[in-house]
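Read off the chains here:
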Amino acid sequence: MNEVLERLKRIEYMLEVHILPEFLTVSESAKLLRCGPTKIRTLLKSGDLQFNRIGESVKSTILIKRKDLLKWLK
């Protein structure tokens, strides 16, 4: 049983670190939460979700940490 748990932990680590991206765009975040991009933007504007912009323009790409999205779900 311990061997199975260790393998699952290794797989989970590989998914988190190597396969799943750390940052998501607004549309990717919406797909992950199964909602619309408007809901994600509302959460960003209200300050419920932290984000970073690539560039200085208001229309620049917004990136959201996957951890912050999952934290918000809980």
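1. Quick word on the pattern of salt bridges
Step number 1: The final tally for this structure, using the stated rule, is one salt bridge.
Step number 2: With its nearest N and O atoms 3.3 Å apart, the salt bridge here joins Glu3 to Arg7. Taken as a pair, Glu3 and Arg7 lie in helix 1 (residues 2-19) at a separation of four residues, close to a single helical turn.
Step number 3: For Arg7, a relative accessible area of 49% puts it in the partly exposed group.

2. So, the sheet that holds strand 3 (residues 61-65)
Step number 1: Pairing within the open sheet is antiparallel, and its three strands lie in the order 1-3-2. In this open sheet, the two strands that pair with only one neighbour each are strand 1 (23-24) and strand 2 (52-54).
Step number 2: Sheet topology note: the strand 2/strand 3 ladder contains three bridges and is antiparallel. The residue bridging Ile54 from the neighbouring strand is Thr61, located in strand 3.
Step number 3: Together, strand 1 and strand 3 form the strand contacts of helix 4 (residues 66-73), whose direction differs from that of strand 3 by roughly 60°.

3. Remarks on the confidence of the model for the chain
Step number 1: Averaged over all residues, the pLDDT of the chain is 88; the fraction at 70 or higher stands at 92%.
Step number 2: Of all secondary-structure elements in the chain, the lowest mean pLDDT belongs to helix 1, at 78, while helix 3 (residues 37-46) reaches the highest, 96.

4. A word on helix 2 (residues 26-33)
Step number 1: All of the buried residues in helix 2 are Val26, Ser29, Ala30 and Leu33. Burial along helix 2 is one-sided: seen end-on, the buried residues are contained in an arc of 100°.
Step number 2: Looking one or two residues past helix 2, Arg34 carries a phi angle of roughly 55°, positive in sign.

5. A closer look at the side chain of Ser29
Step number 1: On the secondary structure map, Ser29 appears in helix 2.
Step number 2: You can call Ser29 buried: its relative accessible area is 0%.
Step number 3: Setting aside its immediate chain neighbours within four residues, Ser29 contacts Leu24, Ile40, Ile64 and Leu69.

6. Some remarks on the side chain of Ser60
Step number 1: Structurally, Ser60 can be placed in the loop between strand 2 and strand 3.
Step number 2: In this structure the side chain of Ser60 is engaged in a polar contact, spanning 3.3 Å, whose partner is the backbone oxygen of Ile54.
Step number 3: Leaving out residues up to four positions away in the same chain, Ser60 has contacts with Arg53, Ile54 and Gly55.

Criteria and thresholds
- Residues numbered from 1 in each chain as written.
- Predicted model: local features only at pLDDT ≥ 70, side-chain atom pairs only at ≥ 80, totals over all residues.
- Heavy atoms only, no water.
- Salt bridge = Lys/Arg side-chain N within 4 Å of Asp/Glu carboxyl O.
- Helix = DSSP H or I, 4+ residues; strand = E, 2+ residues; numbered from the N terminus.
- Buried < 20%, exposed > 50% of the residue type's maximum accessible area, 1.4 Å probe, protein only.
- Pairing = 2+ DSSP bridges.
- Contact = heavy atoms within 4.5 Å.
- Axes fitted to C-alpha atoms, helices over the stretch in contact; angles between N-to-C directions.
- pLDDT = per-residue confidence, 0-100.
- Arc of directions from axis to C-beta.
- Polar contact = N/O pair within 3.5 Å; in protein donor to acceptor, adjacent residues only side chain to side chain.

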